[in-house]
Amino acid sequence: MDVSPECAHQDRVPVLVRRQPPDPQGLLETLKGRLQRSCTCQGKQARELLQDLVPVTRWLPQYHPREDLAGDVMSGLVIGIILVPQAIAYSLLAGLQPIYSLYTSFFANLIYFLLGTSRHVSVGIFSLLCLMVGQVVDRELQLAGLDPTQGDPWLGTNDSTLNASVPELPLGPQDCGRDCYAIRVATALTLMAGIYQVLMGVFRLGFMSAYLSPPLLDGFAMGASVTILTSQLKHLLGVRVPRHQGPGMVLSTWLSLLQGIGQANLCDVLTSAVCLAMLLAARELSDRYRHRLKVPLPTELVVIVVATLASHFGQFHQRFGSSVAGDIPTGFLPPRVPDAGLMWRVALDALPVALVGSAFSISLAEMFARSHGYSVRANQELLAVGCCNVVPAFFHCFVTSAALAKSLVKTATGCRTQLSSVVSAAVVLLVLLALAPLFRDLQRCVLACVIVVSLRGALRKVSDLPRLWRLSPADALVWVATAATCVLVSVEAGLLAGVLMSLLSLAGRTQRPHATLLARISGSVFYEDTAEFEGLVPEPGVQVFRFVGPLYYANKDFFLQSLYSLTGLDAGRVAAKRRELEARASKGASSNGKEPSPAGTVTSLVPSTASFHTVVIDCASLLFLDVAGLAALQGLRRDYEALGITMLLASCGPAVRGVLRRGGFLGEDEGSVAVEEQTFHSVHSAVQAAQVRHRELATVQSTV
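Keep in mind the model is a prediction, meaning the values are calculated, not measured. (Residues numbered from 1 in each chain as written. Predicted model: local features only at pLDDT ≥ 70, side-chain atom pairs only at ≥ 80, totals over all residues. Heavy atoms only, no water.)

Undergrad: Is there a simple way to explain the overall build of the chain in this structure?
TA: Scanning the chain from N- to C-terminus turns up 28 helices and 12 strands. Within the span of the chain, comprising 704 residues, buried residues form 49% of the whole. The long-range share in the chain, meaning contacts at least 24 apart out of those at least 6 apart in sequence, stands at 81%. When the accessible surface of the chain is summed, it comes to about 34,800 Å², and 62% of that surface belongs to carbon and sulfur atoms. (Helix = DSSP H or I, 4+ residues; strand = E, 2+ residues; numbered from the N terminus. Buried < 20%, exposed > 50% of the residue type's maximum accessible area, 1.4 Å probe, protein only. Contact = heavy atoms within 4.5 Å. Areas by Shrake-Rupley, 256 points an atom, 1.4 Å probe, with all protein chains shown as cover.)

Undergrad: Sorry, what's going on with helix α7 (residues 178-202) here?
TA: Side chains three or four residues apart in an α-helix point the same way, a direct result of the helix having 3.6 residues per turn. For α7, with 25 residues, the first-to-last C-alpha span of 36 Å sits near the 36 Å given by 1.5 Å per residue. With 20 of 25 residues buried, α7 is to be regarded as a mostly interior element. (Expected span 1.5 Å × (residues − 1).)

Undergrad: Can you walk me through a nonpolar patch on the surface in this structure?
TA: On the surface, a cluster of nonpolar side chains totalling about 620 Å² of accessible area is made up of F207, M208, Y211, L496, L500 and L503. For F207, the location among the structural elements is in the loop between α7 and α8 (214-237). (Patch = residues over 30% accessible without salt bridge, like charges linked within 9 Å, V, L, I, M, F, W, Y side chains within 5 Å. Salt bridge = Lys/Arg side-chain N within 4 Å of Asp/Glu carboxyl O.)

Undergrad: Looking at this structure, I do not really get the packing of helix α14 (residues 347-372) against helix α16 (residues 404-412). What am I missing?
TA: Packed helices, taken two at a time, are described by the angle between their axes plus the distance between the axes. Interhelical geometry of α14 versus α16 gives an angle of 20° and a closest axis separation of 11 Å. Regarding the angle of α14 to α16, the classification is roughly parallel. Viewed along their axes, α14 and α16 form a crossing whose handedness is right-handed. The segment α14 lies against α16, with L364, M367, F368 and H372 engaging L404, S407, L408 and T411. Its residues assigned to classes, the contact of α14 with α16 comprises five nonpolar, three polar and no charged. (Axes fitted to C-alpha atoms, helices over the stretch in contact; angles between N-to-C directions. Parallel < 35°, antiparallel > 145°, perpendicular 65-115°, else oblique. Left-handed = near helix turned anticlockwise from the far one by under 90°. Nonpolar A, V, L, I, M, F, W, Y, C, P; charged D, E, K, R; others polar.)

Undergrad: Teacher, can you tell me more about the environment of V487 here?
TA: Tracing the backbone through its elements, the reader meets V487 in helix α21 (residues 473-488). A relative accessible area of 18% places V487 in the buried class. Sequence-wise, V487 and F220 are 267 residues apart; in three dimensions their C-alpha atoms are separated by 9.5 Å. Not counting residues within four places of it along the chain, the set of residues in contact with V487 comprises G223, V226, T227 and V250.

Undergrad: Would you mind going over the nonpolar core with me for this structure?
TA: In this structure, L96, Y100, L128, F220, F398, F439 and V446 are the most contacted members of the largest nonpolar core, which totals 99 residues. Among residues more than four places away in sequence, those in contact with F220 are L128, M132, V356, F360, T482, C486, V491 and L495. Listed in part, the 34 residues of the second largest apolar core include Y564, I617, C619 and L649. (Core = buried A, V, L, I, M, F, W, Y, C linked by side-chain atoms within 4.5 Å.)

Undergrad: What's the story with the packing of helix α6 (residues 127-143) against α8 in this structure? I'm lost.
TA: Where α6 contacts α8, the two axes come as close as 10 Å, and the packing angle between them is 55°. Relative to α8, the element α6 lies oblique. Considering how the two elements wind past one another, α6 and α8 form a crossing that is left-handed. Between α6, through S127, L128, L131, M132 and Q135, and α8, the contact on the second element is made entirely by F220, A221, A224, S225, T227 and I228. A class-by-class count of the residues in the contact of α6 with α8 yields seven nonpolar, four polar and no charged.

Undergrad: Just checking my understanding: could you explain the sheet that holds strand β9 (residues 542-548) for this structure?
TA: Pairing between the strands of a sheet is mediated by backbone hydrogen bonds and can be parallel or antiparallel. With respect to topology, six strands assemble into an open sheet ordered β8-β7-β9-β10-β11-β12, the strand pairing being mixed. Looking along the sheet, the strands with just one partner apiece sit at the ends: β8 (527-529) and β12 (679-680). Where strand β7 (residues 514-520) lies against β8, three bridges are found, and the strand directions are antiparallel. Each bridged residue has a counterpart across the sheet, and for R520 the counterpart in β8 is Y527. Sitting on the sheet, helix α26 (residues 627-642) is in contact with β10 (614-618) and β11 (646-650), with an inclination near 140° to β11. (Pairing = 2+ DSSP bridges.)

Undergrad: I would appreciate a short explanation of the pattern of salt bridges in the present structure.
TA: Pairing between side chains becomes possible if they bear opposite charge and their charged atoms approach one another. A full pass over the atoms with the stated rule returns 15 salt bridges. Here R460 makes a salt bridge to E284, at a shortest N to O gap of 3.9 Å. Within this pair, whereas R460 is found in the loop between α19 (456-459) and α20 (465-471), its partner E284 is found in helix α10 (residues 266-288), the two being separated by 176 residues in sequence. Under the relative-accessibility criterion, R460 is labelled partly exposed at 47%.

Undergrad: Would you mind going over the packing of aromatic side chains with me for this structure?
TA: What describes a pair of aromatic rings is the distance from one ring centre to the other and the angle between the planes of the rings. For the structure shown, the criterion picks out 16 aromatic pairs. One aromatic cluster is present, built from ring pairs that chain together Y100, Y103, F106, F107, F332 and F395. Taking the ring centre of Y374 as reference, the NZ or CZ of R119 above it sits at 4.3 Å. The ring of F665 carries R637 above its face, with NZ or CZ at 4.0 Å from the centroid. (Phe/Tyr/Trp six-rings, centres within 6.5 Å; stacked < 30°, edge-to-face > 60°. Lys NZ or Arg CZ within 6 Å of the ring centre and 35° of its normal.)

Undergrad: Even after reading the chapter, I still don't get empty space enclosed by the protein, so can you show me in this structure?
TA: Gaps left between atoms show up when a probe the size of a water molecule is rolled over them. Enumeration according to the criterion identifies two cavities of 30 Å³ or more in this entry. Roughly 260 Å³ of internal volume is contained in the largest cavity. Lining the largest cavity are 21 residues, and of these D138, S231, K234, R243 and M249 lie nearest its centre. Elements supplying a minimum of two residues to the lining of the largest cavity: α4 (65-94), α6, α8 and α9 (249-259). Ranked by residues supplied to the lining of the largest cavity, first place goes to α8 with six residues. Grouping the constituent residues of the lining of the largest cavity by class yields seven nonpolar, 10 polar and four charged. (1 Å grid on protein atoms, 1.4 Å probe; cavity = no way out; pocket = protein on both sides within 12 Å on 5 of 7 lines; lining within 4 Å. Points joined across faces, edges and corners; volume = space filled by probe spheres on them.)

Undergrad: Whenever I open this one, the environment of S407 confuses me. Can you help?
TA: For S407, the location among the structural elements is in helix α16. Overall, the relative accessible area of 0% leaves S407 in the buried class. Along the backbone, S407 and L364 are 43 residues apart, and their C-alpha atoms lie at a distance of 8.4 Å. Excluding anything up to four places from it in sequence, S407 contacts H120, V121, S122 and F368. Within polar-contact distance, the side chain of S407 engages the backbone oxygen of A403 at 2.6 Å. (Polar contact = N/O pair within 3.5 Å; in protein donor to acceptor, adjacent residues only side chain to side chain.)

Undergrad: It is not clear to me how the state of the cysteines should be interpreted in this structure. Could you clarify?
TA: What makes a disulfide is a covalent bond joining the sulfur atoms belonging to two cysteines. Across all of its chains, the model carries zero disulfides by this definition. With no disulfide of its own, C387 lies 7.3 Å from the sulfur of C388, the closest cysteine sulfur. With relative accessibility at 22%, the residue C387 sits in the partly exposed group. (Disulfide = S-S within 2.5 Å.)

Undergrad: Sorry, what's going on with the pairing of β11 here?
TA: The side chains of a regular strand alternate, first on one face of the sheet and then on the other. With respect to burial, β11 is a largely interior element, four of its five residues being buried. Relative to β11, β10 runs parallel, the two being bridged by five bridges. Within β11, the residue paired with D618 across the bridge is A650. Looking at chain direction, β11 and β12 are connected through two bridges and run parallel. The residue of β12 that forms the bridge with L649 is T679.

What follows is the structure, encoded as structure tokens:
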């Protein structure tokens, strides 16, 4: 705001001159201007549009090999080495052949290299999404009359339908076996989830990820991790139990495990114990000495290589019946369009998959951007992750997103740009073309150990619950509700329960916000909460009321109740009684042909018990007003005026002032007091004005 120079000070009080707002454009003119700007395409604008849609065209020409190449190559090699065992292991969760996990890791790294805005995020297979994909795959297999365990490469005799060379997929569902139909379901789900994410990016809905709060995501990760752990116990023990679907899957699986514990495979149990001990010990050592280690220990790869050699030379499958990975083909399958019928069947299932993948990807991208001093674009991240699902869906891949563990490793090993993703993709490509058959004798219990150890970080989040409860019980309830629903019902239901609990928590906080009376700090012009601080100086005859929150339809009654309770005067009830007596007196006088009774007579019948003459409402913390909140303020002012009490507003923000002005609250039709005499820039100026008015009124009354 500008200060008038000729009246910069009047009695040492600055005078503010309000700017005149520009004339608002009509809707047609606004739309025409935006359409014209959008359709105008010059050379510079076309180049900027290309750089926005494909960010690699912006940063790659400015790449500095001397500074960045070494770190990118090192981090890419490390991530590639980690990706291979994790990709093979996570195919257990998705219920798919290991080769499809390798395809997914390869394509996701290349596409995010082209379209991503984060320099450090690692996009690929994510355990929570693999679990959600596996549940949909199992359900659709059962609905199609196929047993999810029949022909499973991880069960039975390990005779896979995929040979050492790449086969042709059957053309029709009637000739499609278990593995073929499973990947068709997964690709249909992936394409639908990717379409959702791309549409969210096109319509600029990246802000929606903010509604998935950190307690919700942590609780979801905890509940989903328990579900994943439960699904892997049968592999750790070598117990064959049926796959359970629907609500209560975790409890049903535990009951089946307890019933079949006597059939555990001793070789798998011992192998699992040894691998878990090695992996957990290596993780603890890495965490303790991470500042001294320049490169994280490739423990998963070492364990898998050693376990594969032991299984091959010890003939664990032939001698002890331990299930192994079986033949993993090399090369690429020809592209295939996902089945349109299956896409409609899984359209609803793809929605939570898309939301979870988007939320984790955007939150991780923003987290690493803040810590390294650059910015990312949430809507472009949605486009990038969506394309990482849409395009690979035609190449027999399933859902991907950003993963925290691999992103942390990527950062710790010196990653500078997304060029490291190309290096990681090259490592996966090497495995796809030549090294995949070497994992034929790898035991599935070893892969289950890799999955279980990767859940360590999410499972340890339960230790944060007491601290979260002390900080915010509402957030702790969201965490518990989300995790419990994931475990007891399903992962999708847990996500929905978390969103609903978050919205209810937000509504509860705004429905009953903090309300208090204020008093002046001695020797200053500032006012504070009388319930929190001692030694404050109350203003005689003035009540200062603060309502910390918005004023809208859900809390307008609480606003009035708090004000009446704190000031000790129910203005609405007293004013209503006074109006009723005035109406009766006027009606009686009219029926008797007499003059109506003066207002003082009615006032004496309903005496005002107020010990104050002015109420000042501190609007600094009033976030916004709706129609119901505006009506509450208008009714409150009428009630106070009926009782001879003045209501003033202080520190109103622009949004609140705009609603008051448009709603007529500050207009001349609403009262006899001018606009400048109803609102003030500070509580102290409102209190001073109230005292001056009261003294002037008292002087006039004494003179009369």
